[in-house]
Amino acid sequence: MGIAPSKRAGNTVEATLLQRHPELRYVSDEIAEHHDAVTVSLVAPSRQLPFVGICLLETGTVVEIKSAMIVYGEDQRRGRFLIRQSQHDHLLEEAGVYLFAVCAPTPARDIIAAKIVPATLVDEFDFSWIDRDARSSYAQFAWSRVFSPDEVER
């Protein structure tokens, strides 16, 4: 069985961000199921990677990378980030952050905008957990909860 298209797209964005930001080191699911990377040196905000609510990322900070397409579907609705409750709880326990990225709806998934947001601030977004029997509960929210439209729709 092959990898799901959404997972493949997420992996593409993840790889691009990790190449673009060498201060982040990939962490496999076998090592840590609930985050994708860890900082290996001090990370400061930049024009390419702004931060919300924090000034720096210290070495050893866990990072979960989430991506959404700028638009999807026939209606061309704004893309959605999907977060899992078990993953979010882990980030809260570890004082971790999300690296959110909005990307083009193409196979290359060119990154349009990226931003670091502490997990504690994500709790302030307006979303509800959706229960699932087989997997962890999850939530979805539009990229416009993280980015202003003028940051993305240039």
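So, how was this worked out
Residue indices follow the written sequence of each chain, beginning from 1 at its first position. For this predicted model, a pLDDT threshold of at least 70 governs which residues receive local features, and a threshold of 80 or more governs which side-chain atom pairs are given and counted, while totals over whole chains, interfaces and linings are taken from all residues. Note: side-chain values were computed over all heavy atoms of the structure, leaving out hydrogens and water. When a carboxyl oxygen of Asp or Glu lies within 4 Å of a side-chain nitrogen of Lys or Arg, that pair is called a salt bridge. For every residue, the accessible area (1.4 Å probe, protein chains only) is compared with the maximum for its type, and the residue is labelled buried under 20%, exposed over 50%, or partly exposed between those bounds. Every helix listed is a DSSP run of H or I at least four residues long, and every strand listed is a run of E at least two residues long, numbered separately from the N terminus. In summary, the charge assignment counts Lys and Arg as positive and Asp and Glu as negative, without counting His or the chain termini. What the arc describes is the spread of directions from the helix axis to the C-beta atoms. Every residue pair with non-hydrogen atoms within 4.5 Å of one another is taken to be in contact.

Draft legend 1. Looking closely at the pattern of salt bridges. Counted under the stated rule, the structure contains two salt bridges. The salt bridge involving K66 is made with E64; its shortest N-O contact spans 3.5 Å. Accessibility assignment for this pair places K66 and E64 in one class, buried. For K115, the salt bridge is made with E151, and the minimal N-O distance between the two is 3.0 Å. Here the residue K115 occupies a position in strand β8 (residues 111-118), and E151 occupies one in helix α4 (residues 149-152), the gap between them amounting to 36 residues.

Draft legend 2. Local environment of the side chain of R84. Tracing the sequence through the fold places R84 in strand β6 (residues 80-84). No salt bridge is formed by the buried R84, whose closest oppositely charged neighbour, E33, lies at an N-O distance of 8.1 Å.

Draft legend 3. Region of interest: helix α2 (residues 85-93). Q87, H88, H90 and L91 are the residues of α2 that are buried. Relative to the axis of α2, the buried residues are bounded by an arc of 160 degrees and lie together on one face. Residues of α2 that are buried make contact with β3 (62-69), β6, β7 (97-103) and α3 (119-122).

Draft legend 4. Here's a closer look at the environment of L121. Its place among the elements puts L121 in helix α3. Take L121: its relative accessible area is 22%, and that puts it in the partly exposed class. The spatial distance from the C-alpha of L121 to the C-alpha of L92 is 9.9 Å, given a sequence separation of 29 residues. Leaving out residues up to four positions away in the same chain, L121 has contacts with V52 and G53.

Draft legend 5. Structural view of unusual backbone geometry. A positive phi angle is found at A95, which is not glycine, with a value near 55 degrees. Positionally, A95 belongs in the loop between α2 and β7. For R109, which is not glycine, the phi dihedral falls at a positive 50 degrees. Tracing the backbone shows R109 in the loop between β7 and β8. Judged by relative accessible area, which is 17%, R109 ranks as buried.

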